[in-house]
Amino acid sequence: MCGIVGYVGPSLDSRPMDVAVGGLRRLQYRGYDSAGVALATPAGLHVVKRAGKLEILEAALFEASPPPATAALGHTRWATHGAPTDANAHPHIGGQGRCAIVHNGIIENHAVLRQELADQGVVFASDTDTEVAAHLLAAALEQTGDLTAAMLRTVARLEGAFTLLAVADDVPSTVVGARRSSPLVVGLGDGENFLGSDVAAFIEHTRQALELGEDQVVTMTPQSVKVVDFAGQEVHPRPFTVDWDANAAVKGGFPTFMNKEIHDQPDAIAKTLLGRVDQAGRLQLDELRIDEAVLRRVDKIVVVACGTAAYAGHVAKYAIEHWCRIPTEVELAHEFRYRDPVVDEKTLVVAISQSGETMDTIMAVRHARDQGAKVIAVVNTMGSTIPREADAALYTHAGPEIAVASTKAFLAQITATYLLGLYLAQLRGTLFADEVRAVLAELEAIPDKVGDVIAGEDRIRHLARSMADIGSVLFLGRHVGYPVALEGALKLKELAYIHAEGFAAGELKHGPIALIEPGRVVFVVVPSPRGRDQLHAKVLSNISEINARGARTVVIAEEGDVEVAGVAGEVVYVPQTPTLLAPLVTTPPLQIFACELATAKGLDVDQPRNLAKSVTVE
Ligand code: AGP
């Protein structure tokens with residue numbers, strides 16, 4: 001997820017640059033590993049871009065003292081293709097400075113287009129998918145002589161999710177934008193107009209906006225805003241007035257980043273799934289550059305991670321062992337390297353990390369590689385240390401996760417490890433192609449199901465507020481519900497500072513049941529009755545045992561599970577999913593509960609006490 005800004009104004013001055021940089025400041029939450037601006041001037045385009053935080057770009061702009069301009073593009077990046085470097089920062093130039101482009105999204109067919117352009121003699125300056133669009137646009141400009149027509153030709157070649165903004169050297173008072181499955185809004189000013197990934201880009205200048213629809217191209221000058229669909233037919237977007245304050249706009253209208261990121265989860269899963277299937281319908285993980293023969297010889301998998309990321313690894317264990325029949329261990333990274341693990345060249349180590357900078361996990365990766373193991377990093381942050389030191393990376397595309405307690409990254413990590421498991425099963429033949437496609441089809445349906453769960457949040461929030469004074473809370477789960485119980489307990493600890501503990505439900509009678517007393521709140525993640533039916537029956541009897549001792553049970557169960565209603569205190573139903581995919585829908589209710597209970601207690605859910613977003617020390 002990146003932040004993009006477009007501006008076109010009535011005069012030749014520094015306002016375009018000021019508006020672009022100011023907009024990028026408000027959009028930094030969307031991405032902050034590199035930034036850049038393109039200025040359209042009568043003498044041509046002027047581009048300044050730098051890796052690193054926005055202030056590095058601002059220092060470069062101050063030093064470069066760029067010329068006055070009439071239009072500007074701005075971009076703050078969350079890298080998906082190409083590490084965060086000056087060269088990979090946006091804007092990207094097409095046709096020797098003929099045009100400049102900024103992009104938010106993923107161009108799925110970038111590799112094919114890149115080869116086509118290279119065969120035509122195009123020399124690329126970056127590793128990004130975006131630069132492909134810049135060169136396509138330049139070529140189309142030569143053919144059409146019109147920026148709007150050129151954009152229409154360009155987007156006709158692209159597959160994937162993208163928002164593109166472009167300027168051209170011969171029309172310095174025009175900005176053209178296009179969107180497909182990626183946000184873009186227009187800000188309407190007086191003699192000036194704005195474009196942004198969201199209203200935060202321009203809310204300090206205007207609250208009058210236009211909402212662009214799917215597959216639309218907008219042509220913006222100081223006096224006009226024209227919108228056409230990808231077929232070139234004029235459309236009339238809906239105007240609206242932004243009623244958020246500037247601060248709320250940075251959070252997309254949500255009160256906190258935590259709330260925003262819980263709601264971002266369907267998109268985080270969808271983006272992590274994007275572009276993973278080739279033309280023949282086979283799973284492709286093009287960034288997973290480990291020799292297939294090596295992967296076929298793997299006889300053990302060890303997942304190393306910390307905290308929430310480790311719980312994602314626990315979910316992955318069930319899926320990978322079921323699909324691939326490879327023994328899979330999950331190790332807390334800080335324990336892994338001190339227990340003298342048995343690791344060799346036939347061990348595949350999977351390091352899961354949102355930040356890619358967790359020192360415990362970095363040290364585990366180094367230890368594993370010293371022992372000869374191959375390491376795959378499942379990471380959300382491009383250009384971070386763990387993917388750099390691993391043999392290969394499989395990126396989650398959850399976008400920047402600002403709240404310290406992880407939510408959308410967790411579901412994206414689970415999604416990515418499912419893809420890894422399916423890829424290994426496809427490669428080793430433990431699943432037939434149709435079986436892989438069947439699971440992928442189920443995964444494609446998950447974002448909507450997670451959206452349905454989140455749509456039912458009010459009831460969960462009401463339940464949380466009714467329990468604002470609870471003490472210690474237990475979380476029980478079985479099979480893939482067990483790591484969900486661990487994560488639910490961690491969320492409550494992190495956000496509401498309430499002691500909570502997650503258990504495997506089968507462990508209850510081996511001790512933890514001594515904790516059950518009248519009024520004790522116990523969350524139970526119930527496995528599907530359509531899966532291993534005996535597990536479902538056993539968990540129901542666990543619920544009866546704790547009910548009999550006066551506990552208050554809150555049960556997460558799948559729609560249609562009527563049996564559970566007879567034994568549970570409260571039931572939160574979630575959409576039916578295949579057994580192994582259930583954590584993606586059973587986790588959000590626990591996140592929402594913890595977030596709302598903490599809010600009811602007046603706590604800061606974005607930056608809880610004592611916690612750091614990335615633990616970069618051991
Ligand atoms: C998540 O809610 C926690 N903040 C923490 O457990 C986190 O998952 C852990 O520190 C690992 O971080 P990483 O994913 O960036 O490696």
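The structure displayed is predicted, hence computed values, not measured ones.

Each value, and the rule that gives it
- Residues numbered from 1 in each chain as written.
- Predicted model: local features only at pLDDT ≥ 70, side-chain atom pairs only at ≥ 80, totals over all residues.
- Heavy atoms only, no water.
- Helix = DSSP H or I, 4+ residues; strand = E, 2+ residues; numbered from the N terminus.
- Expected span 1.5 Å × (residues − 1).
- Buried < 20%, exposed > 50% of the residue type's maximum accessible area, 1.4 Å probe, protein only.
- Arc of directions from axis to C-beta.
- Contact = heavy atoms within 4.5 Å.
- Pairing = 2+ DSSP bridges.
- Axes fitted to C-alpha atoms, helices over the stretch in contact; angles between N-to-C directions.
- Core = buried A, V, L, I, M, F, W, Y, C linked by side-chain atoms within 4.5 Å.
- Salt bridge = Lys/Arg side-chain N within 4 Å of Asp/Glu carboxyl O.

> Could you give me a rundown of helix 15 (residues 433-444), with the residues and numbers involved?
Taking 1.5 Å per residue as the helical rise, helix 15 with its twelve residues ought to reach 16 Å, and the 16 Å between its terminal C-alpha atoms agrees with that figure. Of all the positions in helix 15, only Val 436, Val 439, Leu 440 and Leu 443 are classed as buried. For helix 15, the angular spread of the buried residues around the axis is 100 degrees, confining them to a single face. Taken together, the buried residues of helix 15 touch helix 8 (265-273), helix 10 (307-324), helix 14 (408-428), helix 16 (446-455) and helix 21 (583-600).

> A description of the sheet that holds strand 17 (residues 328-332) should follow, citing residues and the corresponding values.
If you walk across this open sheet you meet the five strands as 17-16-18-19-20, and the pairing is parallel. Two strands close off the open sheet at either side, each with one partner strand: strand 17 and strand 20 (392-395). Pairwise comparison of adjacent strand axes, ignoring direction, gives a mean angle of 20 degrees for this sheet. Bridge analysis of strand 18 (residues 347-353) against strand 19 (residues 374-379) gives six bridges, and the strand direction is parallel. Its bridge partner being in strand 19, Val 350 is matched across the sheet by Ile 376. The strands that helix 10 touches are strand 16 (300-305), strand 17 and strand 18; relative to strand 17, the one it contacts most, it runs at about 175 degrees. Lying on the sheet, helix 12 (residues 359-370) is in contact with strand 16, strand 18 and strand 19; it crosses strand 18 at an angle near 165 degrees.

> Please give an account of helix 14 that cites residues and values.
Since the α-helix turns once every 3.6 residues, residues separated by three or four places project in the same direction. The end-to-end C-alpha separation of helix 14 is 30 Å, in line with the 30 Å expected for 21 residues at 1.5 Å each. The element helix 14 is largely enclosed, with a buried count of 20 among its 21 residues. Looking one or two residues past helix 14, Gly 429 carries a phi angle of roughly 75 degrees, positive in sign.

> Tell me what's going on with the nonpolar core, and back it up with residues and numbers.
Ranked by internal contacts, the top residues of the largest apolar core, which has 124 residues, are Trp 323, Leu 492 and Phe 593. It is helix 14 that provides the largest number of residues to this core, a total of twelve residues. Setting aside its immediate chain neighbours within four residues, Phe 593 contacts Ile 460, Leu 463, Ala 464, Met 467, Ile 470, Leu 492 and Phe 523.

> Go over the pattern of salt bridges, please, and point to the residues and values.
Within the structure shown, the criterion is met by 29 salt bridges. Between Glu 292 and Arg 296 there is a salt bridge whose closest N-O contact spans 3.6 Å. Remark: Arg 296 and Glu 292 occur in helix 9 (residues 292-297); sequence separation between them is four residues, near one turn of the helix. Taking the relative accessible area as the measure of exposure, Glu 292 reaches 38% and is therefore partly exposed. Given the relative accessible area of 43%, Arg 296 is considered partly exposed. Here Glu 596 makes a salt bridge to Arg 465, at a shortest N to O gap of 2.5 Å. Here Glu 596, found in helix 21, pairs with Arg 465, found in helix 17 (residues 457-466); they are 131 residues apart in sequence, far enough to count as distant.

In short, geometric facts, not functional conclusions.
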